[in-house]
Amino acid sequence: MIEVTGATKSYGDLRVLDDVHLRLPRGGVTALIGANGAGKSTLLSCMSRLLHLDAGAVTVDGLDVSTTRGDVLARRLATLRQDNHLTARLTVRDLVTFGRYPHSKGRATADDLVHVERSLRFLDLEDLADRFLDELSGGQRQRAFVAMVLCQDTDYVLLDEPLNNLDLKHAVAMMRLLRRAADELGATVVVVLHDINVAACYADHVVAMRDGVVVHEGSPEQVMQTHVLREVFDLDLRVHRIDGRLVALHVA
Amino acid sequence: MMVLGLLVAVAALGFMTLGARGAWDYVLPFRGVKLAALVLVAFAIAVSTVLFQTVTDNRILTPSIMGFDALYVLLQTTVVFTVGSARMVGIDPRLRFTVEVLLMVGFAGLLFRWLFAGARRSLHLLLLVGIVLGVLFRSLSSFMQRLIDPNEFAVLQERFFASFNAVDSRLLGAAAVMVLGASLLAWRLRRSFDVLLLGRDNATMLGVDHRRAVTGVLVVVAVMVSVSTALVGPVTFFGLLVANLAYQLSGTHRHRAVLPVAVLLAVLCLVGGQVVLERVLGYDTALSVVIEFLGGLMFLTLLLRGSRR
Ligand SMILES: Nc1ncnc2c1ncn2[C@@H]1O[C@H](COP(=O)(O)OP(=O)(O)O)[C@@H](O)[C@H]1O
Ligand SMILES: [Mg+2]
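Just so you know, these numbers come straight off a predicted model, no measurement behind them. (Residues numbered from 1 in each chain as written. Chains lettered and ligands numbered in written order. Predicted model: local features only at pLDDT ≥ 70, side-chain atom pairs only at ≥ 80, totals over all residues. Heavy atoms only, no water.)

## Structural notes on the pattern of salt bridges
Then comes step 1: Inspection of the entire model under this criterion finds 20 salt bridges over all chains.
Then comes step 2: For Arg254(B), the salt bridge is made with Asp94(A), and the minimal N-O distance between the two is 3.4 Å. You can see Arg254(B) sitting in the loop between helix H11 (238-250) and helix H12 (255-280) and its partner Asp94(A) sitting in helix H3 (residues 92-98), one on each of two chains.
Then comes step 3: By relative accessible area, which is 38% here, Arg254(B) ends up partly exposed.
Then comes step 4: Asp234(A) serves as the salt-bridge partner of Arg210(A), at 3.1 Å between the closest nitrogen and oxygen. In this pair, Arg210(A) sits in strand S9 (residues 205-210) while Asp234(A) sits in the loop between helix H10 (226-233) and strand S11 (237-242), placing the two residues 24 residues apart along the sequence.
Then comes step 5: Given the relative accessible area of 26%, Arg210(A) is considered partly exposed.
Then comes step 6: With a relative accessible area of 55%, Asp234(A) lands in the exposed category.
Then comes step 7: If you follow the salt bridges from partner to partner, you end up with Arg26(A), Asp61(A), Arg76(A) and Asp155(A) in one network. (Salt bridge = Lys/Arg side-chain N within 4 Å of Asp/Glu carboxyl O. Helix = DSSP H or I, 4+ residues; strand = E, 2+ residues; numbered from the N terminus. Buried < 20%, exposed > 50% of the residue type's maximum accessible area, 1.4 Å probe, protein only.)

Next comes the structure, spelled out in structure tokens:
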């Protein structure tokens with residue numbers, strides 16, 4: 001379980017997280033939604049110890065992320081950041097192999113290589129495995145980073161806008177993959193999504209943020225309501241049920 | 001790497017034998033000491049530059065561009081300034097050297113950890129900070145040099161100009177011990193080097209204690225820069241030249257390949273360059289000028305290419 005208690009973070013005068021409390025039980029897919037600047041990335045960074053909270057705490061399976069050893073956490077929790085830029089020139093396979101570092105400490109075993117090949121296959125990267133990252137399109141690069149994160153083979157996977165730059169086909173494949181990771185491998189997936197319809201379709205649990213505060217939390221049915229969405233996005237959206245799925249459309 | 005190793009061996013052989021006049025049992029030990037010093041300097045500069053670029057996640061800044069060796073010169077000057085050269089003469093140079101290196105580790109460690117271990121800063125800002133720090137250290141040094149009397153100044157001056165010809169060989173033993181110590185520390189951290197290339201955030205997520213790794217590497221860098229500056233004086237662009245050539249030649253990001261290639265290249269440049277320029281062509285102090293010129297060109301190219309991206 002990931003437990004966030006009283007998380008507060010400011011940049012200067014700007015309070016980006018304001019006393020956030022959140023309990024994410026093990027298993028399942030949780031979608032984090034909210035407008036730009038709501039604090040989603042900041043919350044994810046604090047959960048994955050990349051940022052330090054000004055107040056409050058985050059624990060993963062009872063381990064406080066700010067005090068637990070980094071290599072212990074790295075075997076439990078993996079994170080995809082929103083922006084990924086590298087100075088070094090790496091191939092896709094090199095990058096994905098780094099995902100095994102928490103387990104292999106740089107000496108990849110046969111078992112590690114099996115994981116690498118599987119991640120490459122899951123993300124449809126086999127043909128690109130030996131290409132350099134700077135020779136890929138944005139979406140292909142995004143998939144390479146997701147492959148690295150999945151290759152870490154952790155119980156908890158946090159992904160910040162993994163659908164960035166992906167075409168429709170790969171976006172659907174990505175969401176199915178995350179669903180499978182949760183259903184078949186028992187992983188706990190937390191994913192920042194922009195498209196609330198994707199969130200409603202694939203997530204078990206939706207957390208909506210606004211101005212550094214969690215304003216709503218619940219099942220897709222509970223969040224996909226006109227008055228809730230208005231509060232989150234300041235937009236009037238009409239929710240329809242199409243083929244049994246909830247779909248929000250904005251009024252033109 | 002085989003080819004490089006071979007070239008280095010040839011250069012070393014040439015260095016030991018070419019143009020020798022006089023008795024061999026005088027020439028060989030004499031040149032042997034110089035060769036050892038050059039190899040030590042090459043090793044220190046190559047390793048410190050590559051590791052520095054790894055932890056700072058860039059390929060343009062080097063310890064010397066960031067003012068490390070200017071800081072060392074400043075420390076040396078301060079020591080002479082406060083102790084006085086009369087009393088300096090009485091002090092064992094190795095003791096003085098050790099104290100200077102320790103001071104350097106302390107100061108450089110604090111200063112550069114503050115710069116690099118915290119939030120991510122833009123490369124151009126860092127470059128600017130480095131240049132400003134370098135100028136600051138240099139002008140403080142020259143200010144103090146002006147205040148001390150001419151005799152003391154003479155003691156100092158010989159140490160401040162890069163010369164691969166006039167190596168201070170009394171310090172060789174102490175320098176070798178320090179480089180060895182720093183290398184052992186680097187060896188303990190070696191598994192994290194490749195991961196550090198992914199930048200602070202990715203390395204942290206993969207379980208590397210970034211602060212600890214950066215601190216360790218900065219200590220290694222401070223020791224190695226002190227050693228090379230003490231032996232041959234400050235050299236600005238040499239590290240940049242060999243590090244970037246090594247990245248290109250080794251064609252991989254892995255330090256187990258890049259580091260040896262960088263060291264071999266550095267040795268080849270120093271020893272081979274010395275042989276060709278000074279023994280074969282007969283120029284005297286040209287090597288440092290040539291190396292700085294090529295390194296400077298490389299620096300400009302990298303900057304221009306970087307800013308276009
Ligand atoms: N390094 C930073 N310095 C100052 N303000 C920041 C920094 N990072 C993020 N912010 C601000 O914090 C707020 C939340 O950002 P973020 O968590 O990235 O939002 P989201 O991911 O929900 O779009 C934004 O208003 C942003 O401008
Ligand atoms: Mg964001």
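## A closer look at the site of ligand 1
All names here are of chain A.
Then comes step 1: Taken together, the residues surrounding ligand 1 are Tyr11, Leu14, Val16, Ala35, Asn36, Gly37, Ala38, Gly39, Lys40, Ser41 and Thr42.
Then comes step 2: Gly39 has a polar backbone atom sitting 3.0 Å from an oxygen atom of ligand 1.
Then comes step 3: Bound to the protein, ligand 1 loses 59% of the 570 Å² it would expose on its own.
Then comes step 4: Mapped by element, the contributors of at least two residues to the shell around ligand 1 are strand S2 (14-24) and helix H1 (40-47).
Then comes step 5: Of all the elements, H1 adds the most residues to the shell around ligand 1, at 3 residues. (Near = heavy atom within 4 Å. Polar contact = N/O pair within 3.5 Å; in protein donor to acceptor, adjacent residues only side chain to side chain. Areas by Shrake-Rupley, 256 points an atom, 1.4 Å probe, with all protein chains shown as cover.)

## Comments concerning the sheet that holds strand S5 (residues 63-64) of chain A
Within a beta sheet, neighbouring strands are joined by backbone hydrogen bonds and run either parallel or antiparallel to one another.
Residues and elements named next belong to chain A.
Then comes step 1: Judged by pairing direction, the sheet is antiparallel, and its 4 strands sit side by side in the order S2-S1-S4-S5 without closing on themselves. Single-partner strands in this sheet number two, and they are S2 and S5.
Then comes step 2: Note that strand S1 (residues 2-11) and strand S4 (residues 55-60) share 5 bridges and pair antiparallel. Considered in S4, the bridge of Glu3 is made with Thr59.
Then comes step 3: Set on the sheet, H1 makes contact with S1, S2 and S4; between it and S2 the angle comes to about 60°. (Pairing = 2+ DSSP bridges. Contact = heavy atoms within 4.5 Å. Axes fitted to C-alpha atoms, helices over the stretch in contact; angles between N-to-C directions.)

## Quick word on the packing of aromatic side chains
When we look at a pair of aromatic rings, we describe it by the centre distance and by the angle of the planes.
Then comes step 1: Taken as a whole and assessed by the stated rule, the structure comprises 2 aromatic pairs over all chains.
Then comes step 2: Relative to Phe68(B), the ring of Phe52(B) lies with its centre 5.7 Å away and its plane at 80°, an arrangement referred to as edge-to-face. Here Phe52(B) is found in helix H2 (residues 24-56), whereas its partner Phe68(B) is found in helix H3 (residues 68-83), with 16 residues between them in sequence.
Then comes step 3: By relative accessible area, which is 0% here, Phe68(B) ends up buried.
Then comes step 4: Positioned over the ring face of Tyr101(A) is Lys105(A), at 5.5 Å from the centre of the ring.
Then comes step 5: The ring of Tyr247(B) carries Arg59(B) above its face, with NZ or CZ at 3.7 Å from the centroid. (Phe/Tyr/Trp six-rings, centres within 6.5 Å; stacked < 30°, edge-to-face > 60°. Lys NZ or Arg CZ within 6 Å of the ring centre and 35° of its normal.)

## Notes on the coordination of the magnesium ion (ligand 2)
Residues and elements named next belong to chain A.
Then comes step 1: Within the first shell, the magnesium ion (ligand 2) binds the protein through Ser41 (OG) and Gln82 (OE1), at distances of 2.0 to 2.2 Å. With a gap of 41 residues between them, Ser41 in helix H1 and Gln82 in the loop between strand S6 (77-80) and H3 connect regions that are remote in the sequence.
Then comes step 2: You can call Ser41 partly exposed: its relative accessible area is 24%.
Then comes step 3: Residue classification places Gln82 among the partly exposed positions, given a relative accessible area of 28%. (Donors = N, O, S within 2.8 Å, 3.2 Å for Na, K, Ca; no water.)

## A word on the side chain of Thr188(A)
Residue and element names in this part refer to chain A.
Then comes step 1: Along the polypeptide, Thr188 turns up in strand S8 (residues 188-192).
Then comes step 2: The class of Thr188 is buried, set by a relative accessible area of 1%.
Then comes step 3: Within the local environment of Thr188, its side chain forms a polar contact with the backbone nitrogen of Gly27, the two atoms lying 2.8 Å apart.
Then comes step 4: Residues contacting Thr188, with those up to four places away along its chain left out, are Pro25, Arg26, Gly27, Gly28, Asp155, Tyr156 and Val157.

## Here's the deal with the environment of Met2(B)
Residues and elements named next belong to chain B.
Then comes step 1: Topologically, Met2 is positioned in helix H1 (residues 2-17).
Then comes step 2: For Met2, a relative accessible area of 74% puts it in the exposed group.
Then comes step 3: For the pair formed by Met2 and Leu125, sequence separation is 123 residues and the distance between their alpha carbons is 40 Å.

These figures capture arrangement, not role.
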